[in-house]
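# What the coordinates show
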Amino acid sequence: MKLTPTLIATAAGLSIAVSAVAESRSYVRFEKDGRIAYGRVMGDSIVELEDNFLVSTRESDMLHPLSGVKLLAPVVPSKVIAVGLNYRSHLGNAEPAKEPGLFFKSPTSIVGPDADIVLPPGATNTHYESEMVLVIGKRAKSVSVEEAPSHIFGVTAGNDVSERAWQRSDLQWFRAKGSDTFGPIGPVVATGLDPDDLMMVGKLNGEVMQKQSTSDLLFGSAKIVSYLSSFLTLEVGDVIFTGTPGSTKAMKPGDVFEIELEGVGTLRNPIASR
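Residues numbered from 1 in each chain as written. Predicted model: local features only at pLDDT ≥ 70, side-chain atom pairs only at ≥ 80, totals over all residues. Heavy atoms only, no water.

## Here we look at the overall build of the protein
- Within the protein one finds three helices and 21 strands.
- Here the protein has a C-alpha radius of gyration of 17 Å; the compact-globule value for 274 residues is 19 Å, and the two agree.
- Principal-axis analysis of the C-alpha atoms gives the protein an extent of 55 × 45 × 30 Å.
- A burial count over the protein gives 57% of its 274 residues as buried.
- A separation threshold of at least 6 residues defines the contact pool for the protein, and within that pool the share at least 24 residues apart is 71%.
- Counting 26 positive and 32 negative side-chain charges, the protein places the averaged centre of each group 4 Å from the other. (Helix = DSSP H or I, 4+ residues; strand = E, 2+ residues; numbered from the N terminus. Rg over C-alpha atoms; globule rule 2.2 N^0.38 Å. Buried < 20%, exposed > 50% of the residue type's maximum accessible area, 1.4 Å probe, protein only. Contact = heavy atoms within 4.5 Å. Lys, Arg positive; Asp, Glu negative; His and termini not counted. Charge placed at Lys NZ, Arg CZ, Asp CG, Glu CD.)

Quick look at the structure:
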């Protein structure tokens, strides 16, 4: 079933889409007055939680206006895993793989909404990649495709920032994909959505560059989680970038890239240089 966001709340220039579907909820990690906390988005406010939402969604009696907090990356993962070449529109002339193609990004690549994507020295051809990101909510080891959905807490938007020159030249994609700030995620983790049926739009300086539904993923969310769990243990809070559609272009300092993911909202990040 398609979920259409009906309420838009804005914090520090960030759009957060709140679904009208009763079972869908939007969770955030935020900073206020030097203190980091977790909360649930309700309209233009955040209800603070008593703990990390991946541990407990029990609500406190504290309410904060969205405009009065700084939204952070919604989770702090121990592992950041990504799937490559997972949309036919991104393959070019290549044939689809028989199994998901995997690589790691570093945990320090993760930043939140409105944080700068900082181009390191020597980066000359750094591209955006709009992606849906799965957030693991229950430890997964050797789970079946049928079991996999119960291990996914929710979804968020992510930018798999990629330095193409380093992808071609390096032994591994350590620099190209895992440099600091090369993995923005946010603004919320949304639950109750169908990960395999969400519209995603990527915009560079307001111009639409990518637009496709996650229904076009070659390997869907359950297959990805099941396949990954056959090789390594997925822990609570780990995130999985699921692939980007279409073609991409280089970004330069001063640019702004935005990813709109249905039911999640808009992840916005400016581009800067070191």
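## Digging into the pattern of salt bridges
- According to the stated counting rule, one finds 15 salt bridges in the structure shown.
- Between Asp255 and Lys252 there is a salt bridge, with its nearest N and O atoms 3.0 Å apart.
- Assessed through its relative accessible area of 4%, Asp255 is described here as buried.
- Among the ionic contacts, a cluster of salt bridges with common partners joins Lys105, Glu129, Asp160, Arg164 and Lys177. (Salt bridge = Lys/Arg side-chain N within 4 Å of Asp/Glu carboxyl O.)

## Quick look at the confidence of the model for the protein
- Summarising the model, the protein shows a mean pLDDT of 93, and 92% of its residues fall at 70 or more.
- When the criterion is pLDDT under 50, residues 1–13 qualifies, and its contacts beyond four places in sequence or with other chains add up to 40 contacts. (pLDDT = per-residue confidence, 0-100.)

## A few points about unusual backbone geometry
- For the bond running from Gly186 to Pro187, omega is 0°, close enough to zero to count as cis.
- Relative to the assigned elements, Pro187 resides in strand 16 (residues 183–191).
- The backbone of Asp33 sits at a positive phi, close to 55°, despite the residue not being glycine.
- Mapped onto the fold, Asp33 is located in the loop between strand 3 (25–32) and strand 4 (35–42).

## Digging into the sheet that holds strand 21 (residues 265–273)
- Taken in spatial order, the five strands of this open sheet run 11-21-20-17-18, and their pairing is mixed. Two strands in the sheet have a free side with no partner beyond their single neighbour: strand 11 (117–119) and strand 18 (207–213). Here the strands of the sheet are splayed against their neighbours by 20° on average, with no regard to which way each runs.
- Summarising the sheet, strand 17 (residues 199–204) and strand 18 pair through six bridges and their orientation is antiparallel. When the sheet's bridge partners are listed, Met200 is paired in strand 18 with Gln212. (Pairing = 2+ DSSP bridges. Axes fitted to C-alpha atoms, helices over the stretch in contact; angles between N-to-C directions.)

## Comments concerning helix 3 (residues 221–229)
- Most of helix 3 sits inside the fold, with eight of its nine residues counted as buried.
- Residues of helix 3 that are buried: Ser221, Ala222, Ile224, Val225, Ser226, Tyr227, Leu228 and Ser229.
- Elements that come into contact with the buried residues of helix 3 comprise strand 8 (80–84), strand 9 (101–105), strand 13 (130–136), strand 14 (152–159) and strand 19 (239–241).

## Notes on the layout of surface pockets
- As a volume, the largest pocket reaches approximately 200 Å³.
- Lining the largest pocket are 14 residues, with Leu85, His90, Glu129, Gln167 and Trp173 sitting closest to its centre.
- Where the lining of the largest pocket is concerned, the elements lending two or more residues are strand 8 and helix 1 (164–169).
- Here the lining of the largest pocket is built from residues that sort into four nonpolar, five polar and five charged. (1 Å grid on protein atoms, 1.4 Å probe; cavity = no way out; pocket = protein on both sides within 12 Å on 5 of 7 lines; lining within 4 Å. Points joined across faces, edges and corners; volume = space filled by probe spheres on them. Nonpolar A, V, L, I, M, F, W, Y, C, P; charged D, E, K, R; others polar.)

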